[in-house]
Amino acid sequence: MKMKENISISYEDILDLISDISPMARDYVENNYENTTILHAYNSKEGKGVFLKVQSEDLCIYYANFPDDSSLLPLSSINKELSTDSPSDLERCFNVHGRNKGIIELIQSKGYVLDMEGYILRHSDPTPKDIDLGELKVGIFSPNMCEDFVKLFEEAYLKLNQENGWDTKSYSKNSDYYCRQFIKLQEKESIKSFWHQGTLVGCFIVDDNFITDIVVHPNFQGKGYGTLMLKYCISFMREKKDISDIYLRITKSNTGAKQLYERNGFAVISHFSEHTYKG
């Protein structure tokens, strides 16, 4: 790890600040220690803050987290770095703590475009829970279900995609690709579907200790099925996958999902704002 200034903050404190952006960011910085440069950091009565970059042959990622991002010091350091950052073929990303609005405004003025802003939540209660699915039946994915699953994801995510300006037809446009992905997930036992009288209600997808998707078809929303699916998913990950800490991430705009997860034992552990340089 290289430092462009003398700092009075420990390496562990730096990792904790990056973890406030996301646990995956912390892992990335820790695993790329030799390629990391501390550009600005401090430990004062106002709190601790850090601005750093991790640069490889084809990727440069900046991370910033400050308790008071209206301070001229971090803003000046970030502005100086981005102003002198020479153009190259490197893909450049900038990940910021979601509360750092001043930094977000600054980097967007420098050509960085928001990819996603949201939260990462963690569930750490290992207490077994009895789950009564009622009329819901648990199933799997098979290739003959592809059209049903594509429609499920496209319609369930329609409002979210509209709110964030994302493609609302991405699943149907790339149905063959998604079908292949669903097959791979089924082979790894990472996808479960839920049915009501032969109709697909929803499904969940997991990846190691992350819940990547819990989707309920709009026709079945507001009936408590999302809660049942979530509880079943937690039990499945604990008992079948032997996972203690379960994570998921959601967009900031998805307030309904955030409330659902918090009611069921999840707590916010980080707030991220991810950007990519478009120039």
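1. A few points about the overall build of the protein
Summing up its helical and strand segments, the protein has 10 helices and 12 strands in all. Oriented by its inertia axes, the alpha-carbon framework of the protein measures out at about 65 × 40 × 30 Å. Of all 279 residues assigned to the protein, the portion counted as buried reaches 50%. Considering only contacts within the protein whose residues lie at least 6 apart along the sequence, 68% involve residues at least 24 apart. Carbon and sulfur atoms form 46% of the exposed surface of the protein, whose accessible area is close to 14,500 Å². In the protein, which carries 32 positive and 41 negative side-chain charges, the distance between the mean positions of the two groups comes to 3 Å.

2. Observations regarding the environment of I131
In this fold, I131 is placed in the loop between β6 (112-123) and β7 (137-139). Between the C-alpha atoms of I131 and N35, which are 96 residues apart in sequence, the distance is 47 Å. Residues in contact with I131, not counting those within four places in the same chain, are L228, K231, Y232 and S235.

3. Structural notes on the packing of helix α1 (residues 11-21) against helix α2 (residues 23-31)
In the contact formed by α1 and α2, the axes pass within 7 Å of each other and the chain directions differ by 140°. Relative to α2, the element α1 is oriented oblique. Contact residues: Y11, E12, L15, D16, I18 and S19 in α1; P23, A25, R26, V29 and E30 in α2. Looking at side-chain class alone, the contact of α1 with α2 contains six nonpolar, one polar and four charged residues.

4. Section: the pairing of strand β3 (residues 47-55)
Counting buried residues along β3, seven of its nine residues qualify, which places the element largely inside the surrounding structure. Across eight bridges, the pairing between strand β2 (residues 36-44) and β3 is antiparallel. Of the residues in β3, the one forming a bridge with H40 is F51. Here β2 hands over to β3 after two residues, the two strands then running antiparallel side by side. Two elements, β3 and strand β4 (residues 59-65), share six bridges in a ladder whose sense is antiparallel. When the sheet's bridge partners are listed, F51 is paired in β4 with A64. Linking two consecutive strands that pair antiparallel, namely β3 and β4, is a turn of three residues.

5. Considerations on the pairing of β6
Judged from the 11 bridges that link them, β6 and strand β12 (residues 266-277) form a sheet pairing that is antiparallel. Residue pairing across strands places I120 opposite S270, the latter belonging to β12. Inspection of the sheet shows β6 paired to strand β11 (residues 246-251) by six bridges, in the antiparallel sense. Bridging across to β11, Y119 finds its partner in I250.

6. Some thoughts on the pattern of salt bridges
Enumeration over the complete set of coordinates arrives at 12 salt bridges. In this structure, the salt-bridge partner of K48 is D13, at a minimum N-O distance of 3.1 Å. One end of the pair, K48, is in strand β3; the other, D13, is in helix α1, with 35 residues separating them in the sequence. For K48, a relative accessible area of 34% puts it in the partly exposed group. A salt bridge links K151 to E147; the shortest N-O distance between them is 3.3 Å. A residue pair is termed a helical-turn pair when its members lie 3 or 4 positions apart in one helix, as K151 and E147 do in helix α5 (residues 146-156) at four residues. Residue classification places K151 among the partly exposed residues on the basis of a relative accessible area of 42%. Relative accessible area serves as the criterion here: at 53%, E147 is assigned to the exposed category. Overlapping salt bridges, with partners in common, bring together E12, D16 and R26 in one network.

7. Describing the environment of D115
Summarising the element assignment, D115 is placed in strand β6. Owing to a relative accessible area of 33%, D115 belongs among the partly exposed residues under this scheme. As for D115 and S235, which are separated by 120 residues in sequence, their C-alpha atoms are 32 Å apart. The residues touching D115, leaving out its near neighbours within four places in the chain, are W166, E274, H275 and T276.

Conventions used here
- Residues numbered from 1 in each chain as written.
- Predicted model: local features only at pLDDT ≥ 70, side-chain atom pairs only at ≥ 80, totals over all residues.
- Heavy atoms only, no water.
- Helix = DSSP H or I, 4+ residues; strand = E, 2+ residues; numbered from the N terminus.
- Buried < 20%, exposed > 50% of the residue type's maximum accessible area, 1.4 Å probe, protein only.
- Contact = heavy atoms within 4.5 Å.
- Areas by Shrake-Rupley, 256 points an atom, 1.4 Å probe, with all protein chains shown as cover.
- Lys, Arg positive; Asp, Glu negative; His and termini not counted.
- Charge placed at Lys NZ, Arg CZ, Asp CG, Glu CD.
- Axes fitted to C-alpha atoms, helices over the stretch in contact; angles between N-to-C directions.
- Parallel < 35°, antiparallel > 145°, perpendicular 65-115°, else oblique.
- Nonpolar A, V, L, I, M, F, W, Y, C, P; charged D, E, K, R; others polar.
- Pairing = 2+ DSSP bridges.
- Salt bridge = Lys/Arg side-chain N within 4 Å of Asp/Glu carboxyl O.

Take it as geometry only, folks, not as evidence of what the structure does.
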